[in-house]
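Fold and geometry: a report
Each chain, letter by letter, is given below.
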Amino acid sequence: DDSIPLSDRFDAALDKDHKLLGMGRNFISKILCLVNPDLYMVWNAPTESFFKKVGLRPDRGMTPGQQYQFYCDFFADVCKEAGIADMAQLDALIWD
């Protein structure tokens, strides 16, 4: 439901009352990226490594969903500035 903020939806999907076994942030973000790579990035080990390299850290106390929104906003800006088509393409570049 796009009327609910992304951060709330992401947190709800990770909530112990709703979480499916084996479905963590990597899986959830991958599905979101497949559905709409213009808005959603894949949050996995390579992106975490990239964030550390560039010194990108969300504010302390942010929920995982708020962190995911923060990272998606950052990646959207990177795509726009670098002329990269979408976040799926950016993810592929990070893997290389």
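Residues numbered from 1 in each chain as written. Predicted model: local features only at pLDDT ≥ 70, side-chain atom pairs only at ≥ 80, totals over all residues. Heavy atoms only, no water.

Further remarks concern the pattern of salt bridges. Within the structure shown, the criterion is met by 2 salt bridges. With a closest N to O distance of 3.4 Å, Arg25 and Glu48 form a salt bridge. One end of the pair, Arg25, is in helix 2 (residues 25-35); the other, Glu48, is in helix 3 (residues 45-54), with 23 residues separating them in the sequence. By relative accessible area, which is 34% here, Arg25 ends up partly exposed. (Salt bridge = Lys/Arg side-chain N within 4 Å of Asp/Glu carboxyl O. Helix = DSSP H or I, 4+ residues; strand = E, 2+ residues; numbered from the N terminus. Buried < 20%, exposed > 50% of the residue type's maximum accessible area, 1.4 Å probe, protein only.)

Attention now goes to a nonpolar patch on the surface. Judged by side-chain polarity, Phe27, Ile31, Leu34 and Val35 come together as a nonpolar surface patch covering roughly 410 Å² of accessible area. Tracing the backbone through its elements, the reader meets Leu34 in helix 2. Since its relative accessible area comes to 61%, Leu34 is described here as exposed. (Patch = residues over 30% accessible without salt bridge, like charges linked within 9 Å, V, L, I, M, F, W, Y side chains within 5 Å. Areas by Shrake-Rupley, 256 points an atom, 1.4 Å probe, with all protein chains shown as cover.)

Our focus in this paragraph is helix 5 (residues 87-95). Those residues of helix 5 that sit buried are Met87, Leu90, Asp91 and Ile94. Looking down the long axis of helix 5, one finds its buried residues gathered within 105 degrees of arc, a one-sided arrangement. Contacts made by the buried residues of helix 5 are with helix 2, helix 3 and helix 4 (64-82). The distance from a side-chain oxygen at the start of helix 5 to the backbone nitrogen of Ala88 is 3.1 Å, and the residue carrying that oxygen is Asp86. (Arc of directions from axis to C-beta. Contact = heavy atoms within 4.5 Å. Polar contact = N/O pair within 3.5 Å; in protein donor to acceptor, adjacent residues only side chain to side chain.)

It is worth spelling out the nonpolar core at this point. Membership of the largest hydrophobic core comes to 20 residues, with the highest contact counts inside it found for Leu32, Met41, Trp43, Phe51, Tyr68 and Phe75. Those elements that place two or more of their residues in this core are helix 1 (6-14), helix 2, helix 4 and helix 5. In terms of residue count, the dominant contributor to this core is helix 4 (5 residues). When near neighbours in sequence (up to four residues on either side) are disregarded, Tyr68 contacts Leu6, Phe10, Ser29, Leu32, Tyr40, Met41 and Trp43. (Core = buried A, V, L, I, M, F, W, Y, C linked by side-chain atoms within 4.5 Å.)

Once that is clear, we can look at the confidence of the model for the protein chain. For any part of a model where pLDDT is low, the fine detail of the predicted coordinates should not be relied upon. Mean pLDDT for the protein chain: 92, with 98% of residues reaching 70 or above. Predicted confidence in the protein chain is weakest over helix 5, with a mean pLDDT of 91, and strongest over helix 4, with 96. (pLDDT = per-residue confidence, 0-100.)

A separate point is the packing of helix 3 against helix 4. Put simply, helix 3 and helix 4 touch, their axes get as near as 13 Å, and they point 75 degrees apart. With respect to helix 4, the element helix 3 is oriented roughly perpendicular. Across the interface between the two elements, Thr47, Glu48, Phe50 and Phe51 of helix 3 pack against Tyr71, Phe74 and Phe75 of helix 4. Taken together, the residues of the contact of helix 3 with helix 4 sort by class into 5 nonpolar, 1 polar and 1 charged. (Axes fitted to C-alpha atoms, helices over the stretch in contact; angles between N-to-C directions. Parallel < 35°, antiparallel > 145°, perpendicular 65-115°, else oblique. Nonpolar A, V, L, I, M, F, W, Y, C, P; charged D, E, K, R; others polar.)

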